[in-house]
Every structure is written in structure tokens, then in C-alpha cells.
Amino acid sequence: MVRSGRDRDRDRRKSHSRSLSPERKRRRSRSRSRDRSSKVSKRKRSRSRERESKRERSRDRDRDRDRKRDKRDDKSNGSSSKSRKKSPDRDKDNERSKSKEKTIKSEAEYDIGSADKEEEQNRLEAEMQKRRERIERWRAERKRKELETAKKEVQKGSLVTNIQTPTAKKWSLEDDSGDEGEEDKEAKEKLKAEAKKEEEEEIDPLDAYMQEVQQEVRKVNQIDQARGIMPSPDSGVVILSGTAKKVTEQKDKGELIEQNQDGLEYSSEEETEDIKDAAANLASKQRKDLAKVDHSGIQYMQFRKAFYTEVSELARMTPEDVEAYRTELEGIRVKGKGCPKPIKSWAHCGISKKELDILKKLNFEKPTPIQAQAIPAIMSGRDLIGIAKTGSGKTLAFILPMFRHVLDQPPLEDTDGPISLIMTPTRELCMQIGKDIRKFAKSLGLRVVCVYGGTGISEQIAELKRGAEMIVCTPGRMIDMLAANSGRVTNLRRVTYIVLDEADRMFDMGFEPQVMKIIDNVRPDRQTVMFSATFPRQMEALARRILQKPIEVQVGGRSIVCKEVEQHVAVLEEDAKFFKLLELLGLYSHLGSIIVFVDKQENADSLLKDLMKASYSCMSLHGVGQGEAAGGHERGGARVGRQAAGVGCQLRLSQPLRGLRAQMRSNWSCW
Ligand SMILES: Nc1ncnc2c1ncn2[C@@H]1O[C@H](COP(=O)(O)OP(=O)(O)OP(=O)(O)O)[C@@H](O)[C@H]1O
């Protein structure tokens, strides 16, 4: 086996080391550790040398700079080179300069750091400036867009065009790049200036735009005025939208059409528009009063009132028989000359077969007392005051003669109003009577329209325009209808039969002026019928004014209360009233609904609180108008009717409520 020289060398070193004495080994290890530490120190030294050389280089640079500065100083001071010749003090100077150098060196290091910071600061500022510019551009762009949107919206209103909006460079994300050319910078500066200007002015974009719109409108108006197609600004009328189109159309016709409800021409094609206008005018409270009619200048056509022919059975009755029969009919009392005898059956009043069939269908076997006496009186063509209690059948007493009356007259023409007019105080009653009439109307070929307040008007107008022989109405709404569109909705020219139902309530509710206004506009030779549950003295004056030689038919007393109604009066001290009420509620509340009438709204509220504290489920109804004009009473009444079943106790302002089924009605305050 051949061994190389290197191997041999290694072996020698090994054996040599093995043969070393312990002392040598120690020394050797120390030298090794010294080697290691020298290596580390060498590395350290080399690094420090590098730093030192760097410092040296920077010192050199500083020295060069100093030298150059010195040279410049020398030159400027004009000192000779001798001054820099080596002198004994020079070494000292060198020492000093060395120490100075050290200080300068540390200062220079500091300067480098601060220069970097400055650079960084500048860079950041530049970046911030860029961002600010971008934000300003974005604001300018947003304002421009807002202006454009507003402009488009007004343009939709077909008025103004050609409005100058400030032009600005459209900002996009591309602008967000860091590299910007000179052009960009210029544009930015411009935008910046514009944005600043805008900010300074602080004008709302919409305001600015509206100012421009107004300027344009003024221009257009000036042009139109010059052409003579628009009123001068002095008229104070400025139409901004919609109407402008109409003005342009009217230009061609060479005339102005007044936007006045009375100026609207009616035709069947325009019916819908007409109804809308009438409804809008009424809704906007542009109510017109009913102009008083001068009957002396009108030639009314002749009409028949008297249709009644006494049947032989009644003709045979002696006055005593008649008196006995009237007593039998709940003590009917009759006032007025020439009152016919009360009828005994439907056949006695001369109604048609169709009507008889309907009555049969309705199971109305024979006339009620008020019907038995009022029907022949009305059919004789007489004016009548009928006084009878609630639920006595008064409605049929005036509608059966009405059918006969209406059917006797020529059919309605296109512009004719009704032949008969029934006035009621409330919507409910109006609807109830309308319902009763409809039971007969269809088979008789007659039409009825209910006209009442507190509800939509358009449908009522449309119905009236289609024509109706009979109108059931509340007075306030009827006046509105008569006054609407100069009587084109309906009129009273054909009215020959008037009914005032529940006249006492109408009187109580203050409808007398409206009732009189309507009645005064109906031909004076009409037939007028007035029905009432009571007939207070104040009503007599009204009756005398509107009725001619009336017959008064009274069933029961003048101030009638149904037999079914039990009345109790308790006279109490003020502070004892509440306990009495609690006692009564305790007695009756489990039987059904209870209505407590109070005189004042405050009383309703305070009593409500007290009753609620006493654990009674109750509600108060007030704040409703006392008349139909306020549209409240009817609704209030309707509410009571609807809610009575659901609420144990109701507190209501003192108003008579008929047809309501309540277990107890308490008049809390009587005066
Ligand atoms: N001859 C009759 N026979 C039987 N029922 C009748 C007759 N006439 C009317 N009625 C019925 O009696 C009820 C009361 O009639 P109506 O409403 O006409 O009375 P009213 O005196 O007008 O009451 P209100 O004053 O409350 O309006 C109605 O349900 C009606 O259908």
C-alpha cells in the first residue's frame, strides 16, 4: 500500500502531539485560544478598521473641504503661503485641529441624519400636496356632476335648456399615478385654483344652478312678453312647470284659456276631467256659494202633485169612524184642513203593482200609523209635517208618494237635475234612506244618488252627472255640488218634491241656513214634506217659511221618546256623580255597551281617566264637529256605532244618537 507524503505528514503531527508533555499541551491550548481570540479581535479590528477608514475618508473629505475653504480664505485674506509653513506651534495647532476634526466629524454625522430627515419631510409634503390636489379635483368633479343631474331634472320639466356648467377635467383613477408630467401639473394648478375659488365662494351647487335657472326663466319670460303671450311680471303669476307647455300651445290659437273651473266647457268626452276639476276645486276648499235664483224670471213646466183617489171603503167612513180609527193608530192627531182619511191597506194609497210586490216581499203587511195618515196626505199634493218617533216607518211614508210623484213627470234630459230632493242631517241617515229607495228604484226604472260629506266626492259627482231622479243628501255637501262648475254637476231646476227628514236634528245641528239656501232655490210651487221625531217651538217658524198650508200629522206626543226606552233622572251633587256612575256601570256593564254623554271635551277626558283608573275599558269620542260641515258628527256617530260593541263604555259629547243599541246611556251633564 502506497502512502502519500501528506498522510505521512499527518501521522507525524499526530504522533508528535501525542508525545507532547502536559505543560506543552497547556501552552499549546493557550496559544490556540489566543489564536481564536486574536481571530475575533482581528475580525473586530478589521470592522473597526473599515469604519475607521470610512471615517478617515470622510475626514479626508472634510480636510479637503477645509483646505479648499482655507485656500479661498487665504485668497480672500491675501495671506502668504508662509503662514502655513511648519512652525513650533504647528504641532499644537495640529493637535487642536485633530480635536476639532473629531467635533466636526460628529457634527457631520448629525448633519447627514438631519439632511435625510429633511429629504423625507420634503418627500412627504410633496405627497400630501399631490393628495390635496387630487381631493380638490374630485370635489370639483362631484360638483359638476351634481349640477348636471339638477340640470337634467329641470330639463325633464320641459322648461330650461342651455345652462352653462363649469367645465372641469374629468378626474379618473389614472390621475392617481405618481408620475405626472408638466401638463398635468399645470392642469392641477388650474384645478386647484378653481377649487380654491369655489371653496372661497361656498355656494351650494343647487343654489347656483337655481340661480341660473331663474335667469333663464327670466329670459324666456322676457321673450314671451315681447311676443305678448305672457302676463307681465307685475301680475305676480309665475308658472314654472307643466303650464309652460300649455302656454306654447295656446300661442297658436292666439288666446288664453283661463284656468277657472267655471270657464271649463263640459262635454261627454271631458267628463272625467270635469269631475276631477270639480273634485279638486271642492277638495281645495274653493267653494262657491249658491247663487240665489230669481224664480220670477223662470218659466217652470207644469207638474202634478195630487194623485190620491179615496177608495170606496174609506169614503164610506164617517168622521166618527175616522176619529176612532186614528185613535186606534196610536192616537194620530191631525192639524190642517182637508186632511184625507188614514188608509187601512197598501192598496188604498194607489201605488203600482210593482211597489205592492216589493212591499209584500219586504213583509210589510200594512202601513204603520204614520204611513197610514201621511201617505194619503202627501199623495193628495199637500205639504206635510210628520211627527213620529224613531223607527215608526217615516221613510216609507215619504218615499212611496215620491215614486208616484216622480214617475208622473217627463224623463230627465241630459242636463236636468233631480225631481225629488231628500235632505238629511247625517251621512248614516242619508245612506239608509238611499238603501230604502233602491229597494224600489230599480224595478221602477228610477235612479237615486246619495250626496253626503266626509267622503270622496268624485264618485258622487260622476253619479250626478249620469243623472238621477232622486237625490238624498246632507245640506252642506249638496250646496257644494250645486255650486260646483256653475251648476254643471247638478241643479234644482226640475225639483218639485222636497223632503226634510229628521228636521229637528238638522235644526239642532245648525243646518237651517244651508237648508233654507237650497229650498229657496227650488221653485216655490214645489211640494214640501217635513218629518221629525220632535217638533220644538223654534221649528215652527222654519216650517211656516217653507211649507204651504201644511197638514200636521202627529203620532204620540210632540217630544216623543220610544216606549222601549226607560228614563231615570237622578239629581246629585257634583262630587256624588262619579260614585253614582260607578254604581250604574256595576249594574249595567255586564249587559252590553254603555254610552256616557258629557257636555265638554275636558269632562270626557277627565272622566275617561277616572273610569280607566276604576278598571273600566272605555274610550272617549270628541273633537268631532258638531255639524256635517265639519264632517265630524256623521263619522263620530258611525264610530260610536261601530265601536260600541267592542268597548265597554264610551264617553261622548252630548249629541242625540239614534238607532244605537246600548244598554245604558248616561247623560253625565244636564243643564
Ligand atoms: N209598514 C211597515 N211594516 C213593517 N215594517 C216596516 C214598515 N215600514 C217600515 N218598516 C220597517 O221599520 C223600520 C223602521 O222604519 P224607518 O227607518 O222608515 O223608520 P223611521 O221612523 O224613519 O226611523 P228613523 O227616524 O230612525 O229613521 C225599518 O226597518 C223598516 O223597514
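About the cut-offs
Residues numbered from 1 in each chain as written. Predicted model: local features only at pLDDT ≥ 70, side-chain atom pairs only at ≥ 80, totals over all residues. Heavy atoms only, no water. Buried < 20%, exposed > 50% of the residue type's maximum accessible area, 1.4 Å probe, protein only. Helix = DSSP H or I, 4+ residues; strand = E, 2+ residues; numbered from the N terminus. Pairing = 2+ DSSP bridges. Polar contact = N/O pair within 3.5 Å; in protein donor to acceptor, adjacent residues only side chain to side chain. Contact = heavy atoms within 4.5 Å. 1 Å grid on protein atoms, 1.4 Å probe; cavity = no way out; pocket = protein on both sides within 12 Å on 5 of 7 lines; lining within 4 Å. Points joined across faces, edges and corners; volume = space filled by probe spheres on them. Nonpolar A, V, L, I, M, F, W, Y, C, P; charged D, E, K, R; others polar. Core = buried A, V, L, I, M, F, W, Y, C linked by side-chain atoms within 4.5 Å. Phe/Tyr/Trp six-rings, centres within 6.5 Å; stacked < 30°, edge-to-face > 60°. Lys NZ or Arg CZ within 6 Å of the ring centre and 35° of its normal. Near = heavy atom within 4 Å. Areas by Shrake-Rupley, 256 points an atom, 1.4 Å probe, with all protein chains shown as cover. Axes fitted to C-alpha atoms, helices over the stretch in contact; angles between N-to-C directions. Parallel < 35°, antiparallel > 145°, perpendicular 65-115°, else oblique.

Before going further, it helps to examine the pairing of strand S3 (residues 420-423). Neither face of S3 is left uncovered, since the one carrying Ser-420 and Ile-422 and the one carrying Leu-421 and Met-423 both have all their residues buried. The pairing of S3 with strand S5 (residues 470-473) spans four bridges and is parallel. Along S5, the bridge assignment pairs Met-423 with Cys-473. Direction of pairing for S3 relative to strand S6 (residues 497-500): parallel, over a ladder of four bridges. Bridging across to S6, Ile-422 finds its partner in Val-499.

It is worth spelling out the side chain of Lys-341 at this point. Mapped onto the fold, Lys-341 is located in the loop between strand S1 (333-335) and helix H10 (353-361). Polar side-chain contacts of Lys-341 include one of 2.9 Å to the backbone oxygen of Leu-314. Looking at Lys-341, its side chain comes within polar contact range of the main-chain oxygen of Ala-315, at 3.3 Å. Those residues in contact with Lys-341 that sit more than four places away from it in its chain are Tyr-308, Glu-310, Leu-314, Ala-315, Met-317, Val-322, Arg-326, Gln-373 and Pro-376.

Turning our attention to empty space enclosed by the protein. For the structure on display, the rule yields one cavity of 30 Å³ or more. Approximately 40 Å³ is the volume attributed to the largest cavity. When residues of the lining of the largest cavity are traced back to their parent elements, those giving at least two are helix H16 (503-508) and helix H17 (512-520). Looking at the lining of the largest cavity, the element that brings in the most residues is H16, giving three residues. Residue composition of the lining of the largest cavity, grouped by class: six nonpolar, no polar and one charged.

Moving on to the nonpolar core. The biggest cluster of nonpolar side chains holds 54 residues, and the ones touching the most others in it are Phe-398, Phe-403 and Ile-437. The greatest single-element share of this core, amounting to eight residues, is contributed by helix H12 (residues 394-407). Among residues more than four places away in sequence, those in contact with Phe-403 are Glu-355, Ile-437, Phe-440, Leu-444, Leu-446 and Met-470. Counting residues in each nonpolar core, the second largest holds 39 residues, with Met-423, Leu-482, Ile-518 and Leu-547 among its members.

Further remarks concern the packing of aromatic side chains. In this description, an aromatic ring pair is defined by two values, namely the gap between the centres and the angle between the planes. Counting across every chain of the model gives three aromatic pairs. Above the ring of Tyr-325, the side-chain terminus of Lys-344 is found at 5.2 Å from the ring centroid.

Before going further, it helps to spend a moment on the site of the ligand. Every one of the 15 residues lining the ligand counts as a neighbour, but Phe-364, Gln-371, Gly-391, Gly-393 and Thr-395 are closest to it. Interatomic distance of 3.1 Å between a backbone N/O atom of Lys-366 and a nitrogen atom of the ligand. Within the contact set of the ligand, an oxygen atom lies 2.9 Å away from a backbone nitrogen or oxygen of Gly-391. Isolated, the ligand exposes 620 Å² of accessible area, and the fraction of that covered by the protein chains is 71%. The biggest single contributor to the shell around the ligand is H12, with three residues.

Let us now look at the environment of Arg-438. Here Arg-438 lies in helix H13 (residues 427-444). The exposure class of Arg-438 is partly exposed, given its relative accessible area of 41%. Between the alpha carbons of Arg-438 and Val-449 there is a distance of 9.7 Å; along the sequence they are 11 residues apart. Not counting chain neighbours up to four residues away, the residues in contact with Arg-438 comprise Val-448 and Cys-450.

A few words now on the sheet that holds S1. Whether parallel or antiparallel, the strands of a sheet pair through hydrogen bonds between backbone atoms. What the eight strands build is an open sheet, ordered S1-S8-S2-S7-S6-S3-S5-S4; its pairing is mixed. One side of each edge strand has no neighbouring strand; the edge strands of this open sheet are S1 and strand S4 (448-451). In this sheet, neighbouring strand axes are inclined to one another by 15 degrees on average, regardless of whether the strands run parallel or antiparallel. As paired strands, S1 and strand S8 (residues 551-554) are joined by three bridges and run antiparallel to one another. Directly across from Arg-333, in S8, lies its bridge partner Gln-554.

Unusually for a residue other than glycine, Glu-502 sits at a positive phi of about 50 degrees. Looking at where Glu-502 falls in the secondary structure, it is placed in the loop between S6 and H16. One non-glycine residue, Ser-615, adopts positive backbone phi at about 70 degrees. Structurally, Ser-615 is set in the loop between helix H20 (601-613) and strand S10 (618-621).

Attention shifts here to the packing of H17 against helix H18 (residues 537-546). As a packed pair, H17 and H18 sit with axes 11 Å apart at the nearest point and diverge in direction by 10 degrees. Compared by their axis directions, H17 and H18 come out roughly parallel. Residues Glu-512, Met-516, Ile-519 and Asp-520 of H17 form the contact with H18, whose own contacting residues are Leu-542, Arg-545 and Ile-546. For the contact of H17 with H18, the residue count by class is four nonpolar, no polar and three charged.

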